[in-house]
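# Structural overview
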Amino acid sequence: MVVFKKPHALSDVPLHYCPGCTHGIVHRLVAEVIDELGIEGKTIGIAPVGCSVMAYNYFECDMIEAAHGRAPAVATGVKRANPDNIVFTYQGDGDLASIGTAETVHSAARNENITVIFINNAIYGMTGGQMAPTSLPGQVTQTSPYGRDVNLCGYPVKICEMLAQLDGPEYLERVTVNNVKQIKNAKRAIKKAFQNQIDGKGFSLIEVISSCPTNWGMTPQAALKWIDEKMIPYYPLGVYKDRSAEKKEDKQ
Amino acid sequence: MERKRNIINSLSLVPEELEQFNFARYEKYAEIERTEARAEEYRMEDAEICVAAFGIASRVSRNAVDAAREMGIKVGLIRPITLWPFPVDPFKRSLSTVKKYISVELNMGQMIEDVRLATECRRPVTLCNRAGGMIPTPEQVLEAIKAAANGGEQ
């Protein structure tokens, strides 16, 4: 009897991610959701630029590799041209919260019926650990060796809080994957984000607080702990917007 | 999924594959260079001085060439219609009669390098230009032609 196997929506190739990176977990969660919702074959993924650029090799569905930060714009086009397909983007913070901020904000404002999986690990991973817009105050990176100085570099961008100010988006939630309980919770959120699209509700974004042991200069275990100790206090987990739930409350 | 999945991307991370891709692209560029280069040649038959100019500068230069021809100076105009691919052939052919080239441009001199490459630096090429949105008068170009004809201004 098979008790544990790879989700069907995940290709049978080795991932290139560093040991301890949480990309693998999130890939798996997305693939499990695609399996469970029975949307394989009509799902189209949009890969970013960054560590997960090669996501197009890992998801067993049609994939488009977008220019840096432009995944929500590409997803908009794909979804509007093929409204029956399920379209998701998978983007890191360097992609979604920096060069792609405009695309992120405006696709949310337009309430495009797409699903955005946003991996926030507070650093530029692929290019070697430079400070990202999401890097924490005081965080040591390659380009902030004395820690992020907010007088010089300003403050981190809180995407969920920022987008929650818009009337457009349907669903915004921040989760993490640093322990089993959180992984299960993250899967619930990701599934809801896909279900919302199937139900035609509009723009759903799940921000996943992730670890980058390599560029944080930590062991995988220490990195998962750092999420609890540093990341979550600055980026509190939870639902930031749920328009359908708000509407229900209004009726009652 | 029953069918083979589609992946649309523009990056190729396998060197062996990327090299073949580069070769294929350059073959295409070479074909474009062979078939798409266009230029107009004006009064070039016996020209000893060649004015090279495109766009607005070429219309100004045409008047200057006519004025210089009336003075008996053997001057013609090559007007590239495509800047890439650069029309190398008219410049190569012109080498049989032309002794000097003048590149008339509305910038600090960008096409002058293409003229030098097309003529393989076998003749002097000078610049007659205005910049920032200013436009040379036919008189200014005529002065440059006269200077070239008088053997000055290398």
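Residues numbered from 1 in each chain as written. Chains lettered and ligands numbered in written order. Predicted model: local features only at pLDDT ≥ 70, side-chain atom pairs only at ≥ 80, totals over all residues.

### Re the overall build of chain A
Put simply, the rule is: Put simply, DSSP marks the helices as runs of H or I at least four residues long and the strands as runs of E at least two long, and each gets a number from the N terminus on. Between the two quantities, the radius of gyration covers C-alpha atoms and the globule rule is 2.2 Å times the number of residues to the power 0.38. Two residues form a contact once the distance between their C-beta atoms, set from the backbone, is within 7 Å.
The helix and strand tally for chain A stands at 11 helices and seven strands. In terms of C-alpha radius of gyration, chain A reaches 17 Å, essentially the compact-globule figure of 18 Å for 252 residues. If you take every contact in chain A between residues at least 6 apart in sequence, the share linking residues at least 24 apart comes to 67%.

### Some details on the confidence of the model for chain B
Put simply, the test is: Scored between 0 and 100, pLDDT is the confidence that the predictor attaches to each residue.
Here chain B shows a mean pLDDT of 95. Residues at 70 or above account for 98%. Model confidence for the complex: the whole-complex pTM is 0.84, and ipTM, which rates the interface, is 0.85.

### Description of the sheet that holds strand β1 (residues 7-8) of chain B
Using the following cut-off: For two strands to count as paired, DSSP must find a minimum of two bridges between them. Only the stretch in contact is used when fitting a helix axis, every axis being a line fitted to C-alpha atoms; angles between N-to-C directions are given from 0 to 180 degrees.
Spatially, the eight strands line up as an open sheet ordered β7(A)-β5(A)-β6(A)-β4(A)-β3(A)-β1(A)-β2(A)-β1(B), and their pairing is mixed. The open sheet has two edge strands, β7 (238-242) of chain A together with β1 of chain B, and neither has a second partner. With four bridges connecting them, strand β1 (residues 43-47) of chain A and strand β3 (residues 86-92) of chain A associate as parallel partners. Of the residues in β3 of chain A, the one forming a bridge with I46 of chain A is T89 of chain A. Contacting β1, β2 (62-65), β3 and β4 (115-120) of chain A, helix α3 (residues 71-81) of chain A runs over the sheet at an angle of about 175° to β3 of chain A.

### Digging into the sheet that holds strand β4 (residues 75-80) of chain B
Residues and elements named next belong to chain B. Overall, mixed pairing links the five strands, which are arranged β2-β4-β3-β5-β6 in an open sheet. Strands at the two margins of the open sheet, each flanked by one partner only, are β2 (39-42) and β6 (125-129). Taking each pair of neighbouring strands and ignoring which way they run, the sheet shows an average axis angle of 20°. Looking at chain direction, strand β3 (residues 49-53) and β4 are connected through four bridges and run parallel. Among the inter-strand pairings, V51 is bridged to a residue of β4, identified as L77. Against the sheet, helix α4 (residues 111-118) contacts β3, β5 (100-105) and β6, and its axis sits at roughly 155° relative to β5.

### Structural notes on the environment of M44 of chain B
Residues and elements named next belong to chain B. If you trace the backbone, M44 turns up in the loop between β2 and β3. Once the C-alpha coordinates of M44 and G76 are considered, the two residues, 32 residues apart in sequence, prove to be 4.4 Å apart. Not counting residues up to four positions away in its chain, the partners in contact with M44 are C50, G76, I78 and S94.

### Topic: the packing of helix α2 (residues 56-70) of chain B against helix α5 (residues 138-149) of chain B
All names here are of chain B. Counted only if it meets this: Angle categories: roughly parallel below 35 degrees, roughly antiparallel above 145, roughly perpendicular from 65 to 115, and oblique for all the rest. Should the near helix be turned anticlockwise from the far one by less than a right angle, the crossing is termed left-handed; should it be turned clockwise, right-handed.
Running from amino to carboxyl end, α2 crosses α5 at an angle of 55°, the nearest separation of the two axes being 8 Å. In terms of orientation, α2 lies oblique with respect to α5. In terms of crossing hand, the pair formed by α2 and α5 is right-handed. Of the residues in α5, those in contact with V60, S61, N63, A64, A67 and A68 of α2 are P138, V141, L142 and I145.

### Some remarks on unusual backbone geometry
In this structure, the amide linkage connecting W84 of chain B to the following residue, P85 of chain B, adopts the cis form with an omega of 0°. Tracing the chain through its elements places P85 of chain B in the loop between β4 and α3 (88-94). Positioned with a positive phi, N111 of chain A is a non-glycine residue whose angle comes to about 50°. Summarising the element assignment, N111 of chain A is placed in the loop between α5 (101-109) and β4. Even without being glycine, C121 of chain B reaches a positive phi, approximately 60°. Summarising the element assignment, C121 of chain B is placed in the loop between α4 and β6.

### Quick notes on the interface of chain B and chain A
For the record, the criterion: Classes in brief: Ala, Val, Leu, Ile, Met, Phe, Trp, Tyr, Cys and Pro nonpolar; Asp, Glu, Lys and Arg charged; the others, Gly included, polar.
Counting residues at the interface gives eight residues for chain B and nine residues for chain A. In terms of residue class, the side of chain B that touches chain A is made up of four nonpolar, three polar and one charged. Alignment of β2 of chain A against β1 of chain B, held across two bridges, turns out to be parallel. Looking at the pairing, I64 of chain A lines up with I8 of chain B of β1 of chain B.

### As for the nonpolar core
Residue and element names in this part refer to chain A. As a reminder of what qualifies: The term nonpolar core means buried Ala, Val, Leu, Ile, Met, Phe, Trp, Tyr and Cys residues held together as one set by C-beta atoms within 7 Å. Each residue is classed by its C-beta neighbour count within 10 Å, where at least 20 other C-beta atoms makes it buried, 12 or fewer makes it exposed, and intermediate counts make it partly exposed; the C-beta atoms are placed from backbone geometry.
Counting residues in hydrophobic clusters, the biggest one holds 70 residues, and the most contacted among them are I117, F118, I190, I206 and V208. Looking at this core, the element that brings in the most residues is helix α1 (residues 23-37), giving six residues. Not counting residues up to four positions away in its chain, the partners in contact with I206 are I117, F118, E173, V175, A189, I190 and A193.

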